[in-house]
Structures are given as structure tokens and as C-alpha cells.
Amino acid sequence: MALVNRYSGNPILTKHDVPYEVATVHNAGVVKHNGEYLMLFRAHKHNGRSILGLARSRDGFQFTVDEKPFMEPATQGEFAQYEAFGVEDPRITFIDGEYLITYSAYSRHGVRIGLAKTKDFRIVERFALITEADYRNVVIFPEKFNGLYARLDRPHSEISPWSVWISYSPDLRYWGDSKLVMKPEPYHWDEMKIGPGAPPVKTEKGWLNIYHGVFPTMDGSVYRLGVALHDLNDPAKILGVGDNWILQPEEPYEITGYVHNVVFTCGAVPEDDGTLKLYWGGADTVMCVGTAHIAELVDMCLTNSRKPL
Ligand code: BMA
């Protein structure tokens, strides 16, 4: 039995659904706000640089894209020089009455993470650049721990395969107490590098972290999704990492596209009935959705598991 059931109407969003000119629609953060599903997607422009667009849905499956892009690279102020090559891969976390959007900011200086805030997805304010180069895949937990915000991230390294770290902050601007929490497993589906995917989802047994793992082949890299469970009170502690992937590129829209063999998530929406809507970019070209039972994903972390380090 598949752990993630693909929606029969996939892909749910493509460039043809966007009222402005883009080449792709992928890697979207998704949240439910006032009963509406909001999808903040990444789109390549025809110059190869990315912007963020917003789409809305009543059921989480059929989305309509707003007339104008939601966020384009800043042209003024301190963010401008760090976003010149584009803004990518947004993740959204709701905490303290506002939505935090973390996104990759690309420039000739490398890739940093920007943090923007919004209460209503109409007015968005850039708050701070919260990493130096080179970091990607920052997801913020939707709760504080001992009064501190917590995030998972993925720094780049020339010495170690790229791994998942945790850091804490009193104010979302200054981050520290960093610690390695999870590494790729040698000769495994995620052996090349891993990175946080969707912001962690709270469950009775721990925080569910849906992450991506990459395997190198003679035909390029394959991006798959896996799961790990973090302790509810101490998110630096991982209770188990699912040994198998939960989703891999299998459908034509995941195997072929702008970058082939990619499923990449930036967002998942837990529902009251114990299911999860998981959203992923297919081949860096289209957006897809599938449903999973949260308890089954948690179970996989605890029963068919490997150590995080
Ligand atoms: C990663 C990121 C993602 C992308 C993936 C596959 O390094 O750039 O945005 O989906 O590669 O191309």
C-alpha cells in the first residue's frame, strides 16, 4: 500500500494556470487560512530566475492563481543585493498570530534565507535575512520551546554530506545554539544530501518532519521524500527516521520536466480527520498533491526506522 496517495487530478497547477508569464510552477508552501487553502508557489520566469506566486482553493485540490505575483526580488533596501537572482522554495509557518515565510534568496553572493511576515497574505513585510550563505530549506516550528523559536535548516559543506541542523532564536532575527540532528545514510536512497521539506507537523507522538533525500545516479540526481519524528519537547532529539522513502518520482510529470526525477515538498496541511495533504513540485515544473494518514507516517518513523546520525 502506498503511504501517499496521489490525487487523480495531478498535476493541480501548471504554468498554464498562471495569468502572468512563467515557465514553471513548483515547490509551494501551503497553509489553511480562514478556511481557504493558500498556496505560495515558486515560478521560474523566462530568464531562469524565480518569483513567488499565490493561488487559492476551497478544497485543497483546485486552485486559482491571483492576478499578480505575490513576491518578486526586492529592488531597494538591504534585501535587494541578496535577492537579485531570485526568490525560491517558500515555507510557511503560523505562530503568534502571523504567518512566517522563509524563502531562499539567491544572488551573486550565494544563497541565503529571507524571513518575511504576513497576517493576511495581502500585505507582506520582509523581516530579516536569517542566515549567511550558504543555507537552504529553513523550516520554523509552529511552537516555541522554552520560550525560543526553533528552526531546522540545511547548511552546505564541502566536508560532510549536506545534513539537517537545528537552531533557536528569542526574536526570529538572532539564531544560535546550532546542532546537527540528522545525516544522510551511506548507500541509501538519501545518501547524497538531505534537507527539511514541509514545516514540522505536530502529532501525539512527536513532530513529523517530511524531508527530501537525494541519490546520485549515472543519469543525475533523484529527489525523494522521507519522514523523521522529533521529540515533542526537545526537537533536537529525533525518535526515529523512516528507513524507506514515502514518495519517489513515478508519474510522467515527476520524471520529466525542467529537472527530471524530482519530487520536492515545501508544505503539508494536516486535517482534522487525521489525514495530511502533502504538496510537492513535480520535476521542478508543476504542482502536485496527495493524501496520507499521519499515523502511518509516524508509525514508519518508529517501527521501520534507522538512526538519525
Ligand atoms: C534543489 C533546490 C530545489 C529543487 C531541487 C531539484 O537543490 O534547488 O528548489 O527543486 O534542487 O532541482
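Our structure's up above, just so we're on the same page.
Residues numbered from 1 in each chain as written. Predicted model: local features only at pLDDT ≥ 70, side-chain atom pairs only at ≥ 80, totals over all residues. Heavy atoms only, no water.

S.K.: I'd like a rundown of the nonpolar core, residues and numbers included.
M.R.: Grouped together as the largest cluster of nonpolar side chains are 24 residues, with contacts concentrated most on L208, I210, V227, I246 and L278. Elements represented by at least two residues in this core include exactly β16 (206-217), β17 (220-230), β19 (263-270), β20 (275-282), β21 (286-293) and α3 (294-303). For this core, the leading source of residues is α3, giving 5 residues. For L278, the contacting residues outside a window of four places in its chain are V4, I210, L225, I246, T265, G267, A268, C288, V289 and G290. (Core = buried A, V, L, I, M, F, W, Y, C linked by side-chain atoms within 4.5 Å. Buried < 20%, exposed > 50% of the residue type's maximum accessible area, 1.4 Å probe, protein only. Helix = DSSP H or I, 4+ residues; strand = E, 2+ residues; numbered from the N terminus. Contact = heavy atoms within 4.5 Å.)

S.K.: Could you give me a rundown of the site of the ligand, with the residues and numbers involved?
M.R.: Around the ligand sit N27, R42, D89, R136, K193, Y223, V259, V262, F264 and D284, and that is every residue in its neighbourhood. Between the ligand and the protein, one listed contact pairs an oxygen atom with a side-chain N or O atom of N27 at 2.9 Å. For the ligand, an oxygen atom lies 3.1 Å from a polar atom in the side chain of Y223. In the complex, 85% of the free accessible area of the ligand, which totals 310 Å², lies under the protein chains. (Near = heavy atom within 4 Å. Polar contact = N/O pair within 3.5 Å; in protein donor to acceptor, adjacent residues only side chain to side chain. Areas by Shrake-Rupley, 256 points an atom, 1.4 Å probe, with all protein chains shown as cover.)

S.K.: Break down the sheet that holds strand β1 (residues 5-6) for me, citing the residues and quoting the values.
M.R.: The 4 strands lie next to each other as β1-β21-β20-β19, forming an open sheet whose pairing is antiparallel. Looking along the sheet, the strands with just one partner apiece sit at the ends: β1 and β19. Sheet topology note: the β20/β21 ladder contains 8 bridges and is antiparallel. Bridging from a neighbouring strand, G282 pairs with V286 of β21. Here α3 sits on the sheet in contact with β19, β20 and β21, set at roughly 80° to β21. (Pairing = 2+ DSSP bridges. Axes fitted to C-alpha atoms, helices over the stretch in contact; angles between N-to-C directions.)

S.K.: Just give me the short version of unusual backbone geometry, but keep the residues and values in it.
M.R.: That bond from N10 to P11 is cis: its omega, -5°, falls within 30 degrees of zero. The peptide bond linking A133 to D134 adopts the cis configuration, its omega dihedral lying at -5°. Its location among the elements puts D134 in the loop between β9 (124-129) and β10 (135-140). Phi angles above zero are rare outside glycine, and N34 is one such case at about 50°. Inspection of the secondary structure assignment puts N34 in the loop between β2 (26-33) and β3 (36-44). Take N34: its relative accessible area is 69%, and that puts it in the exposed class. You will see that L172, though not glycine, has its phi angle at about 75°, which is positive. Here L172 lies in the loop between β12 (164-169) and β13 (176-182).

S.K.: I'd like to hear about the pairing of strand β11 (residues 149-155), residue by residue, with values.
M.R.: Each regular strand carries side chains that alternate between the two faces of the sheet. Burial within β11 is extensive, with 7 of its 7 residues counted as buried. Neither face of β11 is exposed, since Y149, R151, D153 and P155 on one face and A150, L152 and R154 on the opposite face are all buried. Bridge count for β10 against β11 is 4 bridges, and the pairing is antiparallel. Each residue of the ladder has a partner; that of Y135, found in β11, is P155.

S.K.: Can you tell me about the packing of aromatic side chains, naming the residues and giving the values?
M.R.: Under the criterion given, the structure shown has 11 aromatic pairs. On the numbers, 6.0 Å between centres and 40° between planes, the contact of F70 with F121 is tilted. With F70 in the loop between β5 (64-65) and α1 (80-83) and F121 in the loop between β8 (110-118) and β9, this residue pair connects regions lying 51 residues apart in the sequence. On the basis of relative accessibility, which here comes to 14%, the residue F70 falls in the buried class. Owing to a relative accessible area of 3%, F121 belongs among the buried residues under this scheme. Taking the centre distance of 5.4 Å and the plane angle of 85° together, the rings of F141 and W207 count as edge-to-face. Of this pair, F141 sits in the loop between β10 and β11 while W207 sits in strand β16; the two residues are 66 residues apart in sequence, bridging distant segments of the chain. Of the two residues, F141 and W207, neither departs from the other in class, the shared state being buried. Here the aromatic cluster, defined as three or more aromatic residues joined through ring pairs, consists of F70, F94, Y99 and F121. K117 extends its terminal NZ or CZ atom over the ring of F127, reaching a point 4.0 Å from the ring centre. In this structure, R224 is placed above the aromatic ring of W245, and the distance from its NZ or CZ to the ring centre is 4.2 Å. (Phe/Tyr/Trp six-rings, centres within 6.5 Å; stacked < 30°, edge-to-face > 60°. Lys NZ or Arg CZ within 6 Å of the ring centre and 35° of its normal.)

S.K.: How would you sum up the state of the cysteines? Please name residues and give values.
M.R.: Enumeration over the complete set of coordinates arrives at 0 disulfides. This cysteine, C266, is not joined by any disulfide, and C288 carries the nearest cysteine sulfur, 13 Å off. For C266, a relative accessible area of 1% gives the class buried. Residue C301 stays outside any disulfide, its sulfur separated by 19 Å from that of C266, the closest cysteine. (Disulfide = S-S within 2.5 Å.)

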